[in-house]
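# Topology and contacts: notes
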Amino acid sequence: MPLVDIRQMAAEAAAESVGLGAFNVVLLEFAYAQVQAAESVNRPVILQLSQNAIAYHGGRLAPLGKALLSLAEEATVPVAVHLDHAEDVDLCRAAVDLGFNSVMYDGSHLPDDENRETTARVVEFCHAANVAVEAELGEVGGKNGVHDPSARTDPQDAAQFVTDTGVDLLAVAVGSSHAMTTRGAVLDTDLIRDIRDAVPVPLVLHGSSGVPDDGMVAAIEAGMTKINVSTHLNVGFTGVVRDILNGDETVVDPRKYVGPGRDQVRDEVARLLNLYARR
Ligand code: G3H
Ligand code: ZN
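What comes next concerns the included structure. (Residues numbered from 1 in each chain as written. Chains lettered and ligands numbered in written order. Predicted model: local features only at pLDDT ≥ 70, side-chain atom pairs only at ≥ 80, totals over all residues. Heavy atoms only, no water.)

### Regarding the packing of helix 7 (residues 155-165) against helix 8 (residues 189-198)
Condition: Angular values range over 0 to 180 degrees, each being the angle between N-to-C directions of two axes fitted as lines to C-alpha atoms, with helices fitted over their stretch in contact. Secondary structure elements are taken from DSSP: a helix is a run of H or I of four residues or more, a strand is a run of E of two residues or more, and numbering for both begins at the N terminus. Crossing chirality is assigned from the near helix's rotation relative to the far helix, an anticlockwise turn below a right angle marking it left-handed and a clockwise turn marking it right-handed. Pairs of residues are marked as contacts when any of their non-hydrogen atoms sit within 4.5 Å. Put simply, Ala, Val, Leu, Ile, Met, Phe, Trp, Tyr, Cys and Pro go in the nonpolar bin, Asp, Glu, Lys and Arg in the charged bin, and everything else, Gly too, in the polar bin.
Where helix 7 contacts helix 8, the two axes come as close as 8 Å, and the packing angle between them is 35°. Crossing of helix 7 against helix 8: the hand is right-handed. Together, Pro155, Gln156, Ala158 and Ala159 of helix 7 and Leu191, Asp194, Ile195 and Ala198 of helix 8 make up the contact between the two elements. Classifying every residue of the contact of helix 7 with helix 8 gives six nonpolar, one polar and one charged.

Right under this line is the structure:
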């Protein structure tokens, strides 16, 4: 089916108090797995490609980006294709030109005024192309490899940020930290509720890999809508690949270990999508 607008997906999910799974694609296999999983549980899914992942793929957006758009078109469930953590405004423009229907401009590392000003500029050209924009207020830790769950977004400031910039979704800092390989993060669910009540757009949780299942269900009930997961899938994928390679030194065909890794990602994404839908 054609790409589905993330704003529509998020509004529906928020109205139902369920979460919307957004999974990072580091290799094409991850995207296959994510779409297959979404189809198997009949849930929408967001495929996201980060500026970092694009750098890994030689700084080229189009090869993997076009593959994601093609997978989305062939999918039997609603799919959005999202540029994640873009700090480069030109990359946001390139993603819009290629056909992505959602962009995260990440100016959270910038001085506050500059973050607002640049985000508003990105919103202007994205909205002109009917592309949704997510931004981040209150930098979620861990992007530089240092875990820091201490950042917090102020609810009134978040509301003002949405007014100043016109963003469609807002990533907020509520206790998670990026790139955790264990699931011990404790989220501030009271703060999530306060931000949800103050802010007119759906909220996004970054660094979701560190959040245990029960904490995630509570966060969704409190008002989190788009749930971004990356590292947790990498942990599962790599664990399966490592076991196979450690168990058989004669294996040389990558399909013999990448394939099972891909299937592990598929099964975990399906499980998470059901958890986010609270079923
Ligand atoms: O934008 C992507 C997410 O915030 C992923 O974070 O690797 O900690 O799950 P994570
Ligand atoms: Zn993130």
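Back to the write-up after that little detour.
### Digging into the sheet that holds strand 1 (residues 20-24)
Here is the rule we go by: Pairing between strands is defined by DSSP: at least two bridges between the two strands are required.
Strand order around the closed barrel formed by eight strands is 1-2-3-4-5-6-7-8, with parallel pairing between neighbours. Put simply, the sheet's adjacent strands are angled 25° from each other on average, direction ignored. Pairing analysis gives three bridges linking strand 7 (residues 203-205) to strand 8 (residues 224-229), with the strands arranged parallel. Bridged to Leu205 within strand 8 is Ile227. Sheet strands touched by helix 11 (residues 255-276): strand 1 and strand 8. Its angle to strand 1, the strand with the most contacts, is close to 150°.

### A word on the environment of Asn130
The test is simple: We define a polar contact as two N or O atoms separated by no more than 3.5 Å, with the added condition that, inside protein, one atom must be a possible hydrogen donor and the other a possible acceptor, whereas residues neighbouring each other in sequence contribute only through side-chain atom pairs.
Relative to the assigned elements, Asn130 resides in the loop between helix 6 (112-128) and strand 5 (132-137). Along the primary structure Asn130 and Asp5 are separated by 125 residues, whereas in three dimensions their C-alpha atoms are 8.8 Å apart. Leave out the neighbours within four places in its chain, and Asn130 touches Asp5 and Arg7. In this structure the side chain of Asn130 is engaged in a polar contact, spanning 2.8 Å, whose partner is the side chain of Arg7.

### Some points on the pairing of strand 3 (residues 79-86)
Counted only if it meets this: Throughout this description, buried means an accessible area under 20% of the type-specific maximum (1.4 Å probe, protein chains only), exposed means over 50%, and partly exposed covers the range between.
Across the eight residues of strand 3, eight count as buried, placing the element largely inside the fold. When strand 2 (residues 45-50) meets strand 3, the two strands line up parallel, connected through six bridges. Opposite Leu47, over in strand 3, you have Val81 as the bridge partner. In terms of strand pairing, strand 3 meets strand 4 (residues 102-105) through three bridges, oriented parallel. Bridge pairing in strand 4 links Ala86 to Tyr105.

### Section: the site of ligand 1
Selection criterion: We call a residue near a molecule or strand whenever a single non-hydrogen atom of that residue lies within 4 Å of it. Working definition of accessibility: Shrake-Rupley area with a 1.4 Å probe, residue cover restricted to the visible protein chains.
Every one of the 14 residues lining ligand 1 counts as a neighbour, but Asp84, Ala179, Gly207, Ser209 and Thr231 are closest to it. Coverage of ligand 1 by the protein amounts to 96% of the 310 Å² it exposes when considered alone. Of all the elements in the fold, those that place two or more residues in the shell around ligand 1 are strand 3 and strand 8. Across the shell around ligand 1, the residue classes tally to two nonpolar, 11 polar and one charged.

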